[in-house]
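Chain residues, written in single-letter form:
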Amino acid sequence: MTTVRVTDIVRRVEDVLQDTNVRWPRLELQNWINESYLTITLLRPDANAESGTFTCVAGTRQVLTDGFPTALRLLDVTRNVADKSSKKVVRLVARSGLDDQRPSWHTDEETLNIQQFMFDPRQPKQFLVYPPASDEAELEVVYSNSPETHKLTEAELDPVGGSSEVIFLDDSYTTPIIDWVLYRAYSKDAESGANEQRAAASYSAFNNTIGAKIKADSAAAPGSGA
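Residues numbered from 1 in each chain as written. Predicted model: local features only at pLDDT ≥ 70, side-chain atom pairs only at ≥ 80, totals over all residues. Heavy atoms only, no water.

Caption draft 1: Inspection of the sheet that holds strand S1 (residues 49–55) at higher detail. Strand order in the open sheet formed by three strands is S1-S7-S3, with antiparallel pairing between adjacent strands. Both outer strands of the open sheet, S1 and strand S3 (71–80), are each paired with one neighbouring strand and no more. Geometrically, the sheet is characterised by an average inter-axis angle of 30° between neighbouring strands, direction not taken into account. With seven bridges joining them, S3 and strand S7 (residues 138–145) adopt antiparallel strand pairing. Within S7, the residue paired with Ala 71 across the bridge is Asn 145. (Pairing = 2+ DSSP bridges. Helix = DSSP H or I, 4+ residues; strand = E, 2+ residues; numbered from the N terminus. Axes fitted to C-alpha atoms, helices over the stretch in contact; angles between N-to-C directions.)

Below, the structure written as structure tokens:
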């Protein structure tokens, strides 16, 4: 559950900048908060992971954004969910194995029951399925979605008596959000040598926190042996 408010981020950033809506207007800070969400999600696709039912088109190639227009990349295909399907799981396989064993697999009979899917990270919004899907096939998929953006007014961004709207990522991303906003704020005045160094330090802190979280989450994941 997310509990950190946007105004909490604004207050903490302004405390560091020693500025209250003068050199760095709050609407500008809000833009950088929104920007941080997308940056974090591109680095950590699971930061804004969602699941949903994807309706296939006939054939082997599926385009994720046909079903989820704001999706950034596919994370997983879990199972068949169409009413008349087997409801069985779908497994990730390497396309090369299927190409070697069954070179004509793209022309096999279309079906409601998908057995396997293939993913190429160079095309993160597409995936292949086997056997070829009928247009009635439905799959439960997990995908990284483009984060929402705040559209609060200057008055609503005031830490004193402002909006209670919470941030759009998990509370665990509070520190990198702040670091990103500070990086962008100091970069605005990068002609100053001191602020250029502060911008670099904030950017480094942002990357270090994201990197540390990746390692920590991997170590604590189910099946990791931690």
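Caption draft 2: Representation of the environment of Ser 163. Tracing the backbone shows Ser 163 in the loop between S7 and helix H5 (174–188). You can call Ser 163 buried: its relative accessible area is 17%. Each C-alpha atom, one on Ser 163 and one on Leu 152, is 7.9 Å from the other, the two residues being eleven residues apart in sequence. One polar contact links the side chain of Ser 163 to the main-chain amide nitrogen of Glu 165, over a distance of 2.9 Å. (Buried < 20%, exposed > 50% of the residue type's maximum accessible area, 1.4 Å probe, protein only. Polar contact = N/O pair within 3.5 Å; in protein donor to acceptor, adjacent residues only side chain to side chain.)

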